[in-house]
Amino acid sequence: MTPALQILKHYFGYSAFRFHQQQAVEYIMKGKDTFVLMPTGGGKSLCYQVPALALDGTAIIISPLIALMKDQVDSLVANGIPAAFLNSSLASEEQGNILRRLRSGQLKLLYVSPEKMGADQNAFARQLQQIPISLFAIDEAHCVSHWGHDFRPDYLLLNRLKDLFPAVPIMALTASADKITQKDIVRQLKLNDPAILVASFNRPNIRYYVHPKKETFLHILQYINDHPDESGIIYCLSRKSAETWSGQLRERGIEAGYYHAGMEAVQRARIQEDFIKDRMRIIVATIAFGMGIDKSNVRFVIHADLPKSIESYYQETGRAGRDGLPSTALLFYSPADVLKLRNFAIVEQNAEQSALMLKKLQQMADFAESQSCRRKYLMNYFGEQHDGNCDSCDYCLSSFEVTDVTVDAQKLLSAVKRLKEKFGKGLVIDFLRGSKSIKITEDMKQLPTYGIGADQSREFWASLIQHLVRQEFLTESGPSYPLLQLSPASNSVLFDGKKVTMQTLHQKALAVTSDPVSENVYDDMHKGLFDELRQLRRRLADNEGVPPYVVFSDNTLVEMATYFPQTVDELEQISGWGSFKMTKYAEAFLELMWQYCPANGLHSKMHRVQRKKTIKKKAVTSKPKTTSDTAHKSFYLFREGNDVREIAQLRNLSPVTIEQHLAGFVATGELDISSLMDMHKVPTIEQAIDLKGQGSLRMIKEALPESYNYFEIRLVIAYRQSKEIQ
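Residues numbered from 1 in each chain as written. Predicted model: local features only at pLDDT ≥ 70, side-chain atom pairs only at ≥ 80, totals over all residues. Heavy atoms only, no water.

Peer 1: A description of the nonpolar core should follow, citing residues and the corresponding values.
Peer 2: Across soluble globular proteins, you tend to see nonpolar side chains buried next to one another. In terms of nonpolar packing, the biggest core is built from 97 residues, with Leu109, Leu110, Met117, Leu128 and Phe136 touching the most fellow members. The residues touching phenylalanine 136, leaving out its near neighbours within four places in the chain, are Ile60, Ile62, Met117, Leu128, Leu161, Phe165, Val168, Pro169, Ile170 and Met171. Within the second largest apolar cluster, 37 residues are counted, among which are Tyr235, Ile254, Leu330 and Val512. (Core = buried A, V, L, I, M, F, W, Y, C linked by side-chain atoms within 4.5 Å. Buried < 20%, exposed > 50% of the residue type's maximum accessible area, 1.4 Å probe, protein only. Contact = heavy atoms within 4.5 Å.)

And the structure:
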């Protein structure tokens with residue numbers, strides 16, 4: 001095991017890196033500047049935390065949010081790592097103590113703000129020149145770019161770092177940046193021939209839904225009531241809405257608070273602490289204010305208003321499901337949102353920046369109005385391909401039918417022509433539907449096409465416009481306010497009898513339905529034990545003054561409530577149990593398991609195949625589906641010629657999980673064991689199993705030569721099960 005993997009296992013409890021973590025660690029340990037673009041929840045922090053522990057000196061982490069600094073430091077200290085932060089929330093005495101620890105070499109990681117680094121002409125940065133620095137990590141690096149979605153002038157001061165510390169490697173990290181922003185980050189920070197690592201933007205555990213904006217609060221209330229044990233974030237456009245909605249939720253007995261930039265810092269800190277420590281279920285926050293939280297068990301993110309860009313939307317929805325468990329992103333959309341946000345998008349005296357921001361806003365609106373796979377749209381936006389059948393968004397879960405829309409297309413094209421191609425789609429749709437809006441002049445109302453589309457919804461006309469643009473029967477022109485205009489092919493529909501067909505919605509899949517059954521139910525998890533484990537975690541966290549997820553993520557508790565580990569050896573096979581936490585928490589959790597499991601007739605299942613937890617999706621009755629569970633997806637990828645490591649990378653899962661998936665199909669007889677291991681090893685492993693029993697893989701492993709591994713042991717156990725079935 002390499003030093004980096006030893007650190008990963010010892011301090012963080014993981015046996016393998018994910019995404020591009022290992023490459024990022026290796027590059028920075030070799031002293032190479034590195035740019036890391038990794039989705040929210042993908043484990044960006046480990047990219048610099050692991051090398052910080054492996055290298056001599058102190059790593060300086062530059063982060064824009066005070067609350068996030070504290071969150072990260074709490075997690076590190078909980079894992080036995082000497083870390084601290086410096087910001088305005090600390091008293092001068094506390095700051096002095098931290099600086100003394102820094103100068104004496106007692107800190108491995110120090111978190112500071114970009115303002116601190118650039119203040120007084122880089123005075124603090126110059127102090128750091130007297131201290132051994134292992135690396136600089138710049139989080140939320142998109143803030144340094146004018147082309148980013150969240151530009152911050154203070155970040156520009158970081159361009160002096162490379163001049164002051166030419167020999168110290170810099171790692172720039174972000175969760176969302178398009179190609180232009182990526183290049184600008186590298187240029188602004190003066191990164192020297194950096195390694196560029198871009199992970200997949202796919203968040204397979206998040207389901208994406210877009211609902212029309214009607215009775216939004218009532219739908220949100222219903223969703224929250226349908227998911228009574230889940231924590232979530234609601235984003236809205238105004239501070240007033242945040243305060244009003246959180247109050248209305250509290251009136252209905254729901255633990256909710258609001259969070260926006262107009263609050264006092266002390267009040268914001270208290271609300272955020274209540275949220276991350278699970279004392280408050282729901283936070284209602286303004287879109288304009290980034291919370292910067294590291295809470296891993298957020299199960300849903302709801303946007304009551306349209307975000308300003310795809311980057312903002314992606315980053316905000318990425319705060320759900322950071323622990324890898326199934327989560328939901330729900331957006332309520334109305335075309336009126338675009339008009340509201342246009343003023344925010346315009347940058348005074350900067351036409352180029354304004355055009356870019358307006359374009360980003362339009363792309364966000366296109367996502368909301370799109371009649372295609374949501375995941376495909378997001379991934380394509382960031383330059384990544386997807387086949388458009390994610391089976392976990394409202395489009396892919398809805399049912400459709402192909403309809404002849406030639407007459408409607410003729411109405412639309414005629415309306416554009418009668419309006420002399422001078423208006424955008426919003427007004428054209430209002431015109432077709434016979435709107436009484438003041439924007440529709442008396443002259444327009446006299447035109448023969450006024451109101452001829454009143455029989456169709458706004459959503460239908462918006463979809464038809466998109467369809468005709470894609471089919472090149474219609475064009476959009478103009479950077480800030482695209483105008484609908486006819487194309488050379490328009491006449492073929494208007495005059496030459498050209499037929500137009502379109503896939504139209506038959507029944508839409510909804511995140512909020514009248515069915516009050518929770519979506520977050522796992523097939524194999526023992527819920528009573530899971531609740532007991534959560535209560536124990538809460539007590540331990542309260543005693544230490546840290547959020548519960550700092551002790552263990554929900555994912556760790558779900559695995560324990562599914563496989564009922566009974567020994568230290570078995571705990572080591574559960575994700576999240578590193579050496580430090582084993583020493584600290586094993587006794588308490590094992591005591592609970594020893595009390596609860598016998599009383600409820602539960603026995604260790606660690607020898608069985610671990611099948612990935614799946615959600616019981618609400619049925620879309622009009623579209624029967626034969627959705628394969630996650631284990632089947634691994635099985636199909638193996639049949640296509642991918643090995644375990646390749647499948648793990650493709651699916652964003654650990655190799656151990658893939659191994660357990662495949663072993664499951666050996667157990668059922670659907671997969672030949674000889675395709676996965678050397679059959680000459682089988683008799684030796686069987687002898688060890690007979691000698692030690694199937695209760696502990698570790699005991700079996702210790703009875704075998706070193707060349708034998710846990711996967712081979714699992715396969716032989718599964719093979720024996722398959723013979724029992726036969």
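Peer 1: Just give me the short version of the pairing of strand E4 (residues 109-112), but keep the residues and values in it.
Peer 2: Side chains of E4 alternate between two faces, with Leu109 and Tyr111 and Leu110 and Val112 buried alike. Relative to E4, strand E2 (residues 58-62) runs parallel, the two sharing 4 bridges. Across the sheet, the residue bridging to isoleucine 61 is tyrosine 111, located in E4. Two strands pair when backbone bridges link them, and strand E3 (residues 83-86) and E4 are joined in this way by 4 bridges, in the parallel orientation. Residue pairing in the sheet places leucine 86 in a bridge with valine 112 of E4. Read as a crossover between parallel neighbours, the route from E3 over helix H5 (residues 92-103) to E4 is right-handed. (Helix = DSSP H or I, 4+ residues; strand = E, 2+ residues; numbered from the N terminus. Pairing = 2+ DSSP bridges. Right-handed = clockwise from strand over helix to strand, strands pointing away.)

Peer 1: Please give an account of the sheet that holds E4 that cites residues and values.
Peer 2: Strands in a sheet are paired, the pairing made by backbone hydrogen bonds, and the direction either parallel or antiparallel. Taking strand neighbours across the sheet as the criterion, the 7 strands line up as E3-E4-E2-E5-E6-E1-E7 in an open arrangement whose pairing is parallel. Both edges of this open sheet fall to E3 and strand E7 (195-198), since each of them pairs with a single strand only. On average, each strand axis in the sheet is tilted by 15° relative to the strand beside it, whichever way the strands run. Packed on one face of the sheet, H5 meets E2, E3 and E4 and runs near 130° to E3. (Axes fitted to C-alpha atoms, helices over the stretch in contact; angles between N-to-C directions.)

Peer 1: Now, about the packing of helix H12 (residues 310-317) against helix H14 (residues 351-369): what can you tell me, with residues and values included?
Peer 2: Angle between the axes and distance between the axes are the two parameters that describe a pair of packed helices. Relative to each other, H12 and H14 sit at 60°, their axes nearing to 8 Å. The orientation of H12 with respect to H14, classified from their angle, is oblique. Seen from H12, the contacting residues are Ile310, Glu311 and Tyr313; seen from H14, they are Lys360, Gln363, Met364 and Phe367. Taken together, the residues of the contact of H12 with H14 sort by class into 4 nonpolar, 1 polar and 2 charged. (Parallel < 35°, antiparallel > 145°, perpendicular 65-115°, else oblique. Nonpolar A, V, L, I, M, F, W, Y, C, P; charged D, E, K, R; others polar.)

Peer 1: I'd like a description of the sheet that holds strand E10 (residues 256-259), backed by residues and values.
Peer 2: Strand order across the open sheet formed by 6 strands is E8-E13-E12-E9-E11-E10, with parallel pairing between neighbours. Strand pairing shows two members of the sheet lacking a second neighbour, strand E8 (206-212) and E10, which therefore form its edges. Ignoring which end each strand starts from, the neighbouring axes of this sheet average 15° apart. Sheet topology places strand E9 (residues 231-236) next to strand E12 (residues 298-303); 5 bridges connect them, and they run parallel.

Peer 1: Summarise the pattern of salt bridges; cite the residues concerned and give the values.
Peer 2: As enumerated under the stated definition, the model contains 30 salt bridges in all. Aspartate 74 is the partner of lysine 70 in a salt bridge, and the nearest nitrogen-oxygen pair spans 3.0 Å. With a gap of 4 residues between them, lysine 70 and aspartate 74 both fall in helix H4 (residues 66-78), about one helical turn apart. Lysine 70 gets classed as partly exposed once you look at its relative accessible area, which sits at 37%. Ionic pairing is found between arginine 374 and aspartate 394, a salt bridge with its closest N-O pair at 2.8 Å. Taken together, the positions of arginine 374 in helix H15 (residues 374-381) and aspartate 394 in helix H16 (residues 394-397) put the pair 20 residues apart, joining distant regions of the chain. Through salt bridges with shared partners, a single ionic network connects Asp229, Lys527, Asp531 and Arg534. (Salt bridge = Lys/Arg side-chain N within 4 Å of Asp/Glu carboxyl O.)

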